[in-house]
Amino acid sequence: MSYALSDFEPLITREQLDKRLDELGREITKDLDPEHLVVVGVLKGALVFMADLIRRLPPTITCDFLRLSSYEGTESSGTVRFDFDLTQPIKGKDVLIVEDIVDTGLTMDFLLKALEVRGPRSIKLCTLLHKPARTKRDVPISYLGFTIPDRFVIGYGLDYEGQYRNLDHIAALRPYRANQAAEA
Ligand code: IMP
């Protein structure tokens, strides 16, 4: 079964995102030392969230990116690998991982373990969304945008089969479409 944009309905508006991003930016700025902070974006999903978040942080932070793959269609495959890695060592640095969504937690569990062995001074996780109903691995989330129900979401960086990342808000698959897929 494949979905069109009309199969999704708004879940989190642009205004709600902006307001929460302001709060997160203030919280992170207060907590972390901007001279030693490396903000690590997990591509591709964190791209929009990261771009908006870093513009709310002090100008001395640095940014790096990595890319993992773990997901196919609307169900997590459970296996995680690096598609590409950070460009700089993180030894002795304060690392803030920026992720789009923690779903089962398998991806972030893998990443936290993979980065911890590189000797950073600290690692914190900031995720825009969390779906607690789907947790398979508990991961420590230091900064959370929104807790959401167990629904497949798109927009603001999140995709369905590569599309819809550039929607300016978060939309969720309409329940009747999700039920049709489950029955098929
Ligand atoms: P996890 O390993 O199950 O926590 O999945 C993490 C990754 O799956 C995220 O970084 C997303 O790329 C993807 N993902 C999980 N849930 C959704 C969703 O509802 N929409 C789009 N992508 C999702």
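Refer to the structure printed above.
Before going into details, it helps to say that this report is about the structure given with it. (Residues numbered from 1 in each chain as written. Predicted model: local features only at pLDDT ≥ 70, side-chain atom pairs only at ≥ 80, totals over all residues. Heavy atoms only, no water.)

Time to look at the overall build of the chain. Broken down by element type, the chain carries 4 helices and 9 strands. In the chain, the order of α-helices and β-strands from amino to carboxyl end is β-α-β-α-β-β-β-α-β-β-β-β-α. A compact globule built from 184 residues should have a C-alpha radius of gyration of about 16 Å, and the chain, at 16 Å, falls within 12% of that. Structurally, the chain occupies a C-alpha span of about 50 × 35 × 25 Å along its principal axes. Taking all 184 residues of the chain together, 47% fall into the buried category. Within the structure as shown, the chain displays about 9300 Å² of accessible surface, and the carbon and sulfur contribution to it stands at 50%. Across the chain, 24 positive and 28 negative side-chain charges occur, with their mean positions spaced 2 Å apart. (Helix = DSSP H or I, 4+ residues; strand = E, 2+ residues; numbered from the N terminus. Rg over C-alpha atoms; globule rule 2.2 N^0.38 Å. Buried < 20%, exposed > 50% of the residue type's maximum accessible area, 1.4 Å probe, protein only. Areas by Shrake-Rupley, 256 points an atom, 1.4 Å probe, with all protein chains shown as cover. Lys, Arg positive; Asp, Glu negative; His and termini not counted. Charge placed at Lys NZ, Arg CZ, Asp CG, Glu CD.)

As a further point, take the pattern of salt bridges. This model, assessed by the stated rule, comprises 20 salt bridges. Of the charged contacts, one joins Arg-151 and Glu-9 as a salt bridge, the two residues approaching to 2.6 Å between their closest N and O atoms. With a gap of 142 residues between them, Arg-151 in the loop between β7 (143-147) and β8 (153-154) and Glu-9 in strand β1 (residues 8-12) connect regions that are remote in the sequence. Relative accessible area serves as the criterion here: at 23%, Glu-9 is assigned to the partly exposed category. Linking Arg-174 and Glu-9 is a salt bridge whose minimum nitrogen-to-oxygen distance equals 3.4 Å. A residue pair is termed long-range when its members are at least 10 positions apart, and Arg-174 in the loop between β9 (170-173) and α4 (175-183) and Glu-9 in strand β1 qualify at 165 residues. (Salt bridge = Lys/Arg side-chain N within 4 Å of Asp/Glu carboxyl O.)

Turning next to the packing of aromatic side chains. One pass over the structure, following the stated rule, counts 7 aromatic pairs. Between the aromatic rings of Phe-8 and Tyr-164, the centroid separation amounts to 6.1 Å while the plane-to-plane angle is 55°, which identifies the pairing as tilted. Of this pair, Phe-8 sits in strand β1 while Tyr-164 sits in the loop between β8 and β9; the two residues are 156 residues apart in sequence, bridging distant segments of the chain. For Tyr-164, a relative accessible area of 15% gives the class buried. By the ring-pair criterion, three or more aromatic residues cluster together here, those being Tyr-3, Phe-8, Phe-152, Tyr-160 and Tyr-164. (Phe/Tyr/Trp six-rings, centres within 6.5 Å; stacked < 30°, edge-to-face > 60°.)

Take the nonpolar core next. Grouped together as the largest cluster of nonpolar side chains are 28 residues, with contacts concentrated most on Phe-49, Leu-128, Leu-129 and Ile-170. If you list the elements that add at least two residues to this core, you get α1 (14-31), β2 (37-43), α2 (47-54), β5 (94-102), β6 (122-130), β7 and β9. In terms of residue count, the dominant contributor to this core is α1 (4 residues). If we skip the residues at most four places from it in the chain, Leu-129 touches Ile-12, Asp-100, Ile-101, Val-102, Leu-144, Phe-146, Ile-148, Val-153, Leu-158 and Ile-170. (Core = buried A, V, L, I, M, F, W, Y, C linked by side-chain atoms within 4.5 Å. Contact = heavy atoms within 4.5 Å.)

Around the ligand, 17 residues are found, and the nearest of them are Asp-100, Asp-103, Thr-104, Thr-107 and Val-153. One nitrogen or oxygen atom from the side chain of Asp-100 is found 2.8 Å from an oxygen atom belonging to the ligand. A distance of 2.4 Å is found between an oxygen atom of the ligand and a side-chain nitrogen or oxygen belonging to Thr-107. Breaking the shell around the ligand down by element, the ones donating at least two residues are β5 and α3 (106-116). For the shell around the ligand, the element with the most residues is β5, which contributes 4 residues. (Near = heavy atom within 4 Å. Polar contact = N/O pair within 3.5 Å; in protein donor to acceptor, adjacent residues only side chain to side chain.)

Spatial ordering of the open sheet is given by β1-β9-β8, a layout of 3 strands whose pairing is antiparallel. Single-partner strands in this sheet number two, and they are β1 and β8. Relative to β9, β8 runs antiparallel, the two being bridged by 2 bridges. Its bridge partner lying in β9, Ile-154 is registered against Ala-171. (Pairing = 2+ DSSP bridges.)

With respect to the helices and strands, the residue Ala-4 is situated in the segment before β1. Residue Ala-4 is classed as partly exposed on the basis of its relative accessible area, which comes to 35%. Remark: the alpha-carbon pair of Ala-4 and Asp-138, spanning 134 residues in sequence, is separated by 32 Å.

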